[in-house]
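A structural walkthrough
So the chains spell out like this:
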Amino acid sequence: MEILKHKELDYVIRYPENFHKTERYPLLIYLHGAGGRGRNIEIIRNHGFFNHSESFCTNAVTVAPQCYADSWFDIFEQLQEFLESLIASDYIDDSRVYLMGASMGGYGTWQMAMSRPELFAAIVPICGGGMYWNAERLKSIAVWAFHGSDDSTVLCEESKKMVNKAQSKGCNAKLTIFEGVGHNAWDPTWKCEEMWHWLFDQRKQCQEEIKNEYSDVIKFG
């Protein structure tokens, strides 16, 4: 693994086995939760995500930026620009770009996918939530969300609302709820081999035209 910097954003990158810049690889980006914030990038290098994902990401480039602000939303434009630069790398297969995040990173994952759906083949938001009324923007993305039934930090209803709305709009979305699990739904998610196989099987779909249902200022403010 290497520690690099893109403008103000520090990040950890792990290359696949036998990496060569003339080949093209899937890209997995991980957005950490509130506990990883700051300027100590060693927190991210030693994050459990890298340990759990290592055996499943042998053929993928794996990247985890560190949020130095209060939340991903505070640096959302920087994060978008960072992702664009990663995806534009010659060694990245832009049809196989995946986004995963937990807690604060789960919220960031939902929002980034709705803001820039054309970038991703699939997302895995863990114990997060978002603006579920906007979930139709996920039509071209495969979604598998995870949450703990006993989560008192981010209520499980947040994931239910996102997935239910996405499904109602014809999106390829599903939710796994871990019974008896609290906020830490990321460890059981990372241990789910089926999730990893599903994730890397996904390919970016053709972007459908997304209609704006909320353009009436009288009704929607």
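So, a few notes on the structure that sits alongside this text. (Residues numbered from 1 in each chain as written. Predicted model: local features only at pLDDT ≥ 70, side-chain atom pairs only at ≥ 80, totals over all residues. Heavy atoms only, no water.)

1. Some details on the state of the cysteines
Under the counting rule described, the total for this entry stands at 0 disulfides. Of all cysteine sulfurs, the one in C127 lies closest to C67, which takes part in no disulfide; the gap is 16 Å. Owing to a relative accessible area of 0%, C67 belongs among the buried residues under this scheme. (Disulfide = S-S within 2.5 Å. Buried < 20%, exposed > 50% of the residue type's maximum accessible area, 1.4 Å probe, protein only.)

2. Quick look at the packing of aromatic side chains
The way to describe two aromatic rings as a pair is by their centre distance and the angle between their planes. Counted under the stated rule, the structure contains 16 aromatic pairs. On the basis of an interplanar angle of 35° and a centroid distance of 5.2 Å, the ring pair of F19 and Y25 is categorised as tilted. Note on Y25: relative accessible area 6%, which makes it buried. Aromatic side chains F19 and Y91 sit 5.2 Å apart centroid to centroid with 90° between the ring planes, which places their arrangement in the edge-to-face category. Highlighted residues: F19 in the loop between β2 (9-14) and β3 (25-31) and Y91 in the loop between α3 (76-87) and β5 (92-102), separated in sequence by 72 residues. Ring pairs connect the aromatic residues Y15, F19, Y25 and Y91, which therefore count as one cluster. Above the plane of the ring of Y68 lies R39, whose end atom (NZ or CZ) is 4.1 Å from the centre. When the ring centre of W144 is taken as origin, the NZ or CZ atom of K174, which lies over that ring, is 3.8 Å away. (Phe/Tyr/Trp six-rings, centres within 6.5 Å; stacked < 30°, edge-to-face > 60°. Helix = DSSP H or I, 4+ residues; strand = E, 2+ residues; numbered from the N terminus. Lys NZ or Arg CZ within 6 Å of the ring centre and 35° of its normal.)

3. Points about the nonpolar core
Core analysis: the largest hydrophobic core is formed by 41 residues, its most contacted members being L27, W110, F120, I123 and L138. Elements with a contribution of two residues or more to this core: β2, β3, β4 (61-65), α3, β5, α4 (104-115), β7 (142-148) and α5 (156-168). For this core, the element with the most residues is α3, which contributes 6 residues. When neighbours within four sequence positions are excluded, L27 is seen to be in contact with V61, V63, L86, I87, I92, R96, V97 and Y98. Among the nonpolar cores identified, the runner-up in size contains 30 residues, and A64, A121, W196 and F200 belong to it. (Core = buried A, V, L, I, M, F, W, Y, C linked by side-chain atoms within 4.5 Å. Contact = heavy atoms within 4.5 Å.)

4. Digging into the environment of G148
With respect to the helices and strands, G148 occurs in strand β7. Once residues within four sequence positions are removed from consideration, G148 is found in contact with C156, I177, F178, V181, G182 and A185.

5. Observations concerning α5
The first and last C-alpha atoms of α5 sit 18 Å apart over 13 residues, in line with the 18 Å expected at 1.5 Å per residue. Where α5 is concerned, the buried positions are C156, S159, M162, V163 and A166. End-on, the buried residues of α5 take up no more than an arc of 135°, which puts them together on one face. Looking at the buried residues of α5, the elements they touch are α4, β7 and β8 (173-178). (Expected span 1.5 Å × (residues − 1). Arc of directions from axis to C-beta.)

6. Observations concerning the pairing of β4
Within β4, 5 of the 5 residues are buried, which leaves the element mostly enclosed by the surrounding structure. By the alternation rule, side chains of β4 split into V61, V63 and P65 and T62 and A64, which are all buried. In this structure, β2 lies alongside β4, joined through 4 bridges in antiparallel fashion. Its bridge partner being in β4, R14 is matched across the sheet by T62. (Pairing = 2+ DSSP bridges.)

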